[in-house]
Amino acid sequence: MLDSPTPVHEDLIDHLVRTTPLQRGEAARVVLDVLSYFDETAPEFVRRRHRELQAKGLSNPEIFERIEAELPHRAVAPPQLSLRQLRRIVYG
């Protein structure tokens, strides 16, 4: 996870401050949160989504099918993973 925006992102923070009601510190936090979200690896995404969907009461077959459908729509789509590969990411 990133600790502070790089100078490259200062322009984005300035833009958010100009175009939204966010204060500079809030805008920097939003940028860091978004960068962290898009920095998530495929295995991290699979584990996180598994936990989230399990907490909603979905069964593993439903969870893994949903994750399989969501993966190609990530910002940088990972290689296609089989249901077995998804299970191995979660359970080792």
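Remember, it's a predicted structure, so these values are computed and weren't measured experimentally.

Cut-offs used in this document
- Residues numbered from 1 in each chain as written.
- Predicted model: local features only at pLDDT ≥ 70, side-chain atom pairs only at ≥ 80, totals over all residues.
- Heavy atoms only, no water.
- Salt bridge = Lys/Arg side-chain N within 4 Å of Asp/Glu carboxyl O.
- Helix = DSSP H or I, 4+ residues; strand = E, 2+ residues; numbered from the N terminus.
- Buried < 20%, exposed > 50% of the residue type's maximum accessible area, 1.4 Å probe, protein only.
- Expected span 1.5 Å × (residues − 1).
- Arc of directions from axis to C-beta.
- Core = buried A, V, L, I, M, F, W, Y, C linked by side-chain atoms within 4.5 Å.

### Some thoughts on the pattern of salt bridges
Argument step 1. A complete count under the given rule lists eight salt bridges for this structure.
Argument step 2. Taking the shortest distance from any N to any O, the salt bridge between arginine 24 and glutamate 10 comes out at 2.5 Å. A residue pair is termed long-range when its members are at least 10 positions apart, and arginine 24 in helix H2 (residues 24-39) and glutamate 10 in helix H1 (residues 7-19) qualify at 14 residues.
Argument step 3. Look at glutamate 10 and you get partly exposed, because its relative accessible area is 29%.
Argument step 4. Each member of the salt-bridge network shares a partner with another, and the members are Glu40, Arg48, Arg49, Glu52, Glu70 and Arg74.

### Quick notes on H2
Argument step 1. Taking 1.5 Å of rise per residue, 16 residues should cover 22 Å, and H2 covers 22 Å from first to last C-alpha, within 8% of that figure.
Argument step 2. Looking at H2, one finds that the buried residues are Ala27, Ala28, Val31 and Leu32. Projected down its long axis, H2 carries its buried residues within an arc of 140°, all on one side. Facing away from the buried side of H2 by over 90 degrees, the exposed positions are Gly25 and Arg29.

### Quick notes on the nonpolar core
Argument step 1. Membership of the largest hydrophobic core is limited to 11 residues, which are Phe45, Val46, Leu53, Leu58, Ile63, Phe64, Ile67, Leu71, Leu81, Leu86 and Ile89.
Argument step 2. Among the secondary structure elements, those contributing two or more residues to this core are helix H3 (42-55), helix H4 (60-70) and helix H5 (83-91).
Argument step 3. Formed by five residues, the second largest nonpolar core is a distinct cluster that contains Ile13, Leu16, Ala27 and Ala28.

### Notes on H3
Argument step 1. Compared with the 20 Å implied by 1.5 Å per residue over 14 residues, the 20 Å span of H3 between its first and last C-alpha is a close match.
Argument step 2. Of the residues making up H3, those classed as buried are Ala42, Phe45, Val46, Arg48, Arg49, His50 and Leu53.
Argument step 3. Glycine 57, located one to two residues past H3, shows a positive phi value of around 90°.

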